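What follows is the residue order along each chain.
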Amino acid sequence: MQSSASKPANGRRAIFFALALLIPAGAEEAKDYLNEEHGFRIRKPGEEWEMAVGAPYPGTRFTLKTWRKGATGEESVTVFVADLQGVTEATAARDAAEKARKQDQRCSGIRRGSREVAGESAPWLAFEYESGGISYTLRQHYFVHHGSHFIVQCAAGAARFKELEGEFTAALESFAFIPLKDAEGAKVKALLKEVAGRCGSEIGWAKSWEEAASRAKKEDKLVVVVVEQYRGLNIERYAPSTLFMDTDVVALMKERFVAFQWNDRCGAPFEDPATYGLGPFTFGQGILFADSDGTVVANAVSYDPFYFDEFARGVLKERPGAPPEDAGNAEMLLRRGDLDATAALLLSPKTADEWRLKASLLRRQRKGDDALRAVGEARARGAKGIDVDEAVIRIRMGKFAEAERLLAGNAEPEAVFWHALAKGMQQGLEPVRAEVEALVARRADDRWAWRAAAMMCGQGMGSGLDRAAWHEEARLAGCMTSPPEPVAEADRAERDGIEFLVRTQLRDGSWPSPHSLADPKSAPGVAIAAIAGSALLPHQADKKAEAAVRSALKFVLENPLETHPDRLFDYTIWGQIFSLRFLAECAAAKFGDHEEIVEAMDDIVGELRKGRFSDGGWAYFKAEGSEGASIGFVTAAALCALRDAKAAGADVPAKLLEKAAEYVASTKQKDGAFAYFSAAGPNQAGREAEAALRSPLYAMALKREGKCDVPGVCESLDLYLKFREHNRRERGKNLCHTSPEGLASYYLIFGYAFAAEALSEIPAGARAKYRDALLEDVLAMRTADGGFCDNPSIGRHYGAAMALRALRLAKR
């Protein structure tokens, strides 16, 4: 096991950048960190040290790190918790680590010993480790406790290690084991986690990019590059237990693709900005389809199995690869995703097996009633074990109670899983825990036990329950892509954008987005409805647009968003910000019930007060163990919304605006740039490009609060001009922070819209050069269907709404 200091230099900087976000400088001093799940406690070595839970290092289950603030290199104490993997004694663990170090050319000066830690003699291993031209000293202390393998690692530059020995000793003396909260429950939980860890293993993952590219070329296949990069955050991989346990997806992957899990050390050609570009700050989840030369040919935006199956089959239509070995084998064609060819062979099924296969085809096509009729035909012809087939179709149709009754008492592993899922969708996870745990204990080698275990663990970022029912077809279709089709005429693009939003609004008043595919009433869904409503409101003279705004307003009012301070990522803040602006605009335009709108605005203001961080601003994530650090552009957007709401009649305390403005002002750097967050420090070298698209929003918000002047707003707009062509290269990337400086593609249209709004804060005679650039950049985001897209994960409907706002404000 290596320390985080052993990562390449770029990766190390990225980790420090991510960890710096976890706890703000000056946070209230923490006491002992207690972890009852793993059974230990530890204290920070001193006031100048930070502490946070981080992403589990490869081969571990848990990582807690404390590091010295302001250090120029790695100076840290880290607790790793890992499975025993056959090692039941601490000295044996140390000996195995020593053997591995001796085989690593980057290690030297290996020595060993023991010292009293946690009331026992703990064996340790120390060595020098070369990374990025720097020599680090690492000392790792080994323990076997609570059925787990613990390592407490002290790390620092070789020249600094002895100087920090006192602080390392303070941390080690505070480290102790404590009783597990529920020892028996912990054993069951460990078993569930171990079994769930087998999810996704049915697919033959390439171990390196070289292997993936070689296989793709030899087999005439594309490579599905799966990215899950959560730098510095304790988030488990999500795709293996969800997307890559779906039977249709697993079959499709085996037949048509080579699977590869990306990391930023694999050296794939598409990492190069000249080819595609995945920089050292790349973050998030997504899927790239690449050929054997490393050229990215498509970009999938969701791990939702229904979406991925549809999207991947669309990619295969353009790049089919090797033909089927037997074009007359319907079962094989179905596995390959050749649904049209399968349907042609099954026009007139005769046998029970053919009808059963047709039912599977119809289920995959999301034709529930037809699939149930095919199941009935198969059953009438004597098909056995078909209850599961029928239950799955009913689950996909949202008929959970019917599926539960159908599978009651069926002890087959697949039936137990689907029964637990159907019951869980109605009652939650706890009522199905006993049957799942019994399945896992009885059949831990079965794929359905793996999937059931993952469901109980809440594996990855999901709630624990898979997406069970099919999506509304229009919602799923709205998540697919449309090719770029820039135009030069702003008026035409505006007309097409209005028509696009009116035409694609869903029945409930919302719009499609991959971000809200799982839950249309989630914060992203509400935010996009509010943004689209705002975009269409100035065009309400058009009766269709007016009806769309009314429907959007109803959706937003019926789906208020509560703050969730316990969540790691909580996008509620964006829903609240854009809902508040939309409601304020409706009130100002005398659109809708004024009293109802003001009451709703007051409720949102109350939630914003509840969710505000101690430094005066807001953010969409808060790391475990921290009080949270506000994010500058989130706080600036909230400041704009609050000011609009106050002008429209909402009760907005002056102190709320004042503290938010102070925080935004604290992020000011130089040359018009504003930092992502104030704790980033002054004038981050090389980060101007990343700040360029966000900075006009900051300057505009501060200008309205009397904390910035016209030259300051122009300075921020000049920064946008300076880097606009460089930043536009990020268009179309689903992953976050992919540019060399860490820019994310979702800043593009967002930035354009707020920069266009900022034009109102400068004299009319000074706007032309900014207006021309903004119109050109916005129109470059247009898609063939009339939408706009910068980040496909958020989608064309959000893009169209923000683009309409940008076009209207830039033109006036």
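This is a predicted model, so every value here is computed, not measured.

Rules behind the numbers
- Residues numbered from 1 in each chain as written.
- Predicted model: local features only at pLDDT ≥ 70, side-chain atom pairs only at ≥ 80, totals over all residues.
- Heavy atoms only, no water.
- Helix = DSSP H or I, 4+ residues; strand = E, 2+ residues; numbered from the N terminus.
- Buried < 20%, exposed > 50% of the residue type's maximum accessible area, 1.4 Å probe, protein only.
- Pairing = 2+ DSSP bridges.
- Contact = heavy atoms within 4.5 Å.
- Axes fitted to C-alpha atoms, helices over the stretch in contact; angles between N-to-C directions.
- Salt bridge = Lys/Arg side-chain N within 4 Å of Asp/Glu carboxyl O.
- Phe/Tyr/Trp six-rings, centres within 6.5 Å; stacked < 30°, edge-to-face > 60°.
- Lys NZ or Arg CZ within 6 Å of the ring centre and 35° of its normal.
- Patch = residues over 30% accessible without salt bridge, like charges linked within 9 Å, V, L, I, M, F, W, Y side chains within 5 Å.
- Areas by Shrake-Rupley, 256 points an atom, 1.4 Å probe, with all protein chains shown as cover.
- Lys, Arg positive; Asp, Glu negative; His and termini not counted.
- Charge placed at Lys NZ, Arg CZ, Asp CG, Glu CD.
- Parallel < 35°, antiparallel > 145°, perpendicular 65-115°, else oblique.
- Left-handed = near helix turned anticlockwise from the far one by under 90°.
- Nonpolar A, V, L, I, M, F, W, Y, C, P; charged D, E, K, R; others polar.
- Expected span 1.5 Å × (residues − 1).
- Arc of directions from axis to C-beta.

Participant: Looking at this model, I keep getting lost on unusual backbone geometry. Mind explaining?
Facilitator: With glycine set apart, most residues show a phi of negative sign, and most peptide bonds adopt trans. Positive phi, normally seen in glycine, also occurs at Lys590, with a value near 55°. Looking at the element boundaries, Lys590 is found in the loop between helix H21 (572-588) and helix H22 (594-611). On the basis of relative accessible area, Lys590 is assigned to the exposed category, the value being 75%. Of note in the backbone geometry, His737 takes a positive phi value of approximately 55° without being a glycine. With respect to the helices and strands, the residue His737 is situated in the loop between helix H27 (710-728) and helix H28 (747-758).

Participant: What exactly am I supposed to notice about the sheet that holds strand S15 (residues 296-300) here?
Facilitator: Within a sheet, adjacent strands bond to each other through the backbone by hydrogen bonds, running parallel or antiparallel. The sheet built from 5 strands is open, its strands ordered S11-S13-S12-S14-S15 with mixed pairing. Since the sheet does not close on itself, it has two edges, and those belong to strand S11 (205-206) and S15, each with one partner. Taken together, the 7 bridges between strand S12 (residues 222-229) and strand S14 (residues 284-290) define a ladder with antiparallel strand orientation. Residue Val227 lies in a different strand from S14, and its bridge partner there is Gly286. Strands in contact with helix H7 (residues 305-318) are S12, strand S13 (257-261), S14 and S15; relative to S15, the strand with the most contacts, it is inclined by about 160°.

Participant: I keep staring at the pattern of salt bridges and nothing clicks. Help me out?
Facilitator: Side chains bearing opposite charge may pair, as long as their charged atoms lie close to each other. As enumerated under the stated definition, the model contains 71 salt bridges in all. The partner of Glu585 in a salt bridge is Arg805, and the shortest N-O contact between them spans 3.1 Å. Placement of the pair is Glu585 in helix H21 and Arg805 in helix H30 (residues 796-811), with a sequence separation of 220 residues. One network of salt bridges, in which partners are shared, links Arg581, Glu585, Asp644, Lys703, Arg704, Glu757, Glu761 and Arg805.

Participant: Where do I start with the sheet that holds strand S9 (residues 148-157) in this structure?
Facilitator: Taken together, 7 strands build an open sheet; the order of strands is S3-S4-S5-S9-S8-S7-S6 and the sheet is antiparallel. Each of the sheet's edge strands pairs with one partner strand only, and the pair in question is strand S3 (49-54) and strand S6 (107-117). Pairwise comparison of adjacent strand axes, ignoring direction, gives a mean angle of 20° for this sheet. Strand direction decides the pairing type here: strand S7 (residues 120-131) and strand S8 (residues 134-145), joined by 8 bridges, are antiparallel. By the bridge assignment for S8, Ala126 is matched with Arg139. In the packing of helix H3 (residues 165-174) onto the sheet, the strands contacted are S3, strand S4 (62-68), strand S5 (76-82), S6, S8 and S9, and the crossing angle to S9 comes to about 165°.

Participant: I would appreciate a short explanation of the packing of aromatic side chains in the present structure.
Facilitator: To describe a pair of aromatic rings, you give the distance between the ring centres and the angle between the ring planes. In total, this model carries 35 aromatic pairs according to the counting rule given. On the basis of an interplanar angle of 45° and a centroid distance of 4.9 Å, the ring pair of Phe161 and Phe168 is categorised as tilted. Taking relative accessible area as the criterion, Phe168 reaches 0% and is therefore assigned buried. Ring centres of Trp418 and Trp448 lie 5.8 Å apart, and the angle between their planes is 50°; on these two criteria the pair is classed as tilted. Here Trp418 is found in helix H14 (residues 413-427), whereas its partner Trp448 is found in helix H16 (residues 447-457), with 30 residues between them in sequence. Chaining the aromatic ring pairs together yields one cluster made of Tyr571, Trp574, Phe578, Tyr620, Phe621, Phe633, Tyr676, Tyr746, Tyr747, Phe750 and Phe754. Stacked on the ring of Phe591, the Lys or Arg Arg550 has its end atom at 4.4 Å from the ring centre.

Participant: Explain a negative patch on the surface here, please?
Facilitator: Taken together, the side chains of Asp593, Glu595, Glu596, Glu599, Asp602, Asp603 and Asp651 present a region of like negative charge at the surface. For Glu596, the position within the fold is in helix H22.

Participant: What should I look at first to understand the packing of helix H6 (residues 247-256) against H7 in this one?
Facilitator: Relative placement of two packed helices is described by the angle separating their axes and the distance separating the axes. Viewed as axis vectors pointing N to C, H6 and H7 meet at an angle of 25°, and their least axial separation amounts to 10 Å. Regarding the angle of H6 to H7, the classification is roughly parallel. Of the two possible hands of crossing, H6 and H7 adopt the one that is left-handed. Of H7, the residues touching H6 (which contributes Val249, Leu252, Met253 and Arg256) are Pro305, Phe308, Asp309, Ala312, Arg313 and Leu316. Within the contact of H6 with H7, the residues separate by chemical class into 7 nonpolar, no polar and 3 charged.

Participant: Explain the pairing of S12 here, please?
Facilitator: One face of the sheet, then the other: side chains in a regular strand alternate in exactly this way. Most of S12 sits out of view: 8 of its 8 residues are buried. By the alternation rule, side chains of S12 split into Leu222, Val224, Val226 and Glu228 and Val223, Val225, Val227 and Gln229, which are all buried. As paired elements, S12 and S13 share 5 bridges and run parallel to each other. Counted as the bridge partner of Val223 is Val258 from S13.

Participant: Even after reading the chapter, I still don't get the environment of Lys102, so can you show me in this structure?
Facilitator: With respect to the helices and strands, the residue Lys102 is situated in helix H2 (residues 90-102). For the pair Lys102 and Thr342, spaced 240 residues apart in the sequence, the C-alpha separation amounts to 56 Å.

Participant: For this particular structure, what's the right way to read the side chain of Ser534?
Facilitator: Relative to the assigned elements, Ser534 resides in helix H19 (residues 523-536). Residue contacts for Ser534: discarding those within four places in its chain leaves Phe582, Glu585 and Arg805.

Participant: Would you mind showing me how to read the packing of H21 against H22 here?
Facilitator: Interaxial distance between H21 and H22 falls to 10 Å at its minimum, and their mutual angle equals 150°. In terms of orientation, H21 and H22 fall into the roughly antiparallel class. Our pair here, H21 against H22, has a crossing hand that is left-handed. Residues Ile573, Gln576, Ser579, Leu580, Leu583, Ala584, Cys586 and Ala587 of H21 touch H22, and the partners they reach there are His594, Ile597, Ala600, Met601, Ile604, Val605, Glu607 and Leu608. Among the residues forming the contact of H21 with H22, the class breakdown is 12 nonpolar, 3 polar and 1 charged.

Participant: Can you walk me through the pairing of S3 in this structure?
Facilitator: In terms of residue burial, S3 counts as a mostly covered element, since 6 of its 6 residues are buried. Judged by which residues are buried, S3 turns out to be covered on both faces: Trp49, Met51 and Val53 on one side and Glu50, Ala52 and Gly54 on the other are all buried. With 6 bridges joining them, S3 and S4 adopt antiparallel strand pairing. Its bridge partner lying in S4, Val53 is registered against Leu64.

Participant: Can you walk me through helix H18 (residues 490-504) in this structure?
Facilitator: An α-helical turn contains 3.6 residues, so any two residues separated by three or four positions project in the same direction. For H18, spanning 15 residues, the distance from its first C-alpha to its last is 21 Å, which sits close to the expected 21 Å at 1.5 Å a residue. Among the residues making up H18, those that are buried are Ala490, Ala493, Glu494, Gly497, Ile498, Phe500, Leu501 and Thr504. Seen end-on, H18 carries its buried residues on one side only, within an arc spanning 160°. Buried residues along H18 sit in contact with H19, helix H29 (768-779) and H30.

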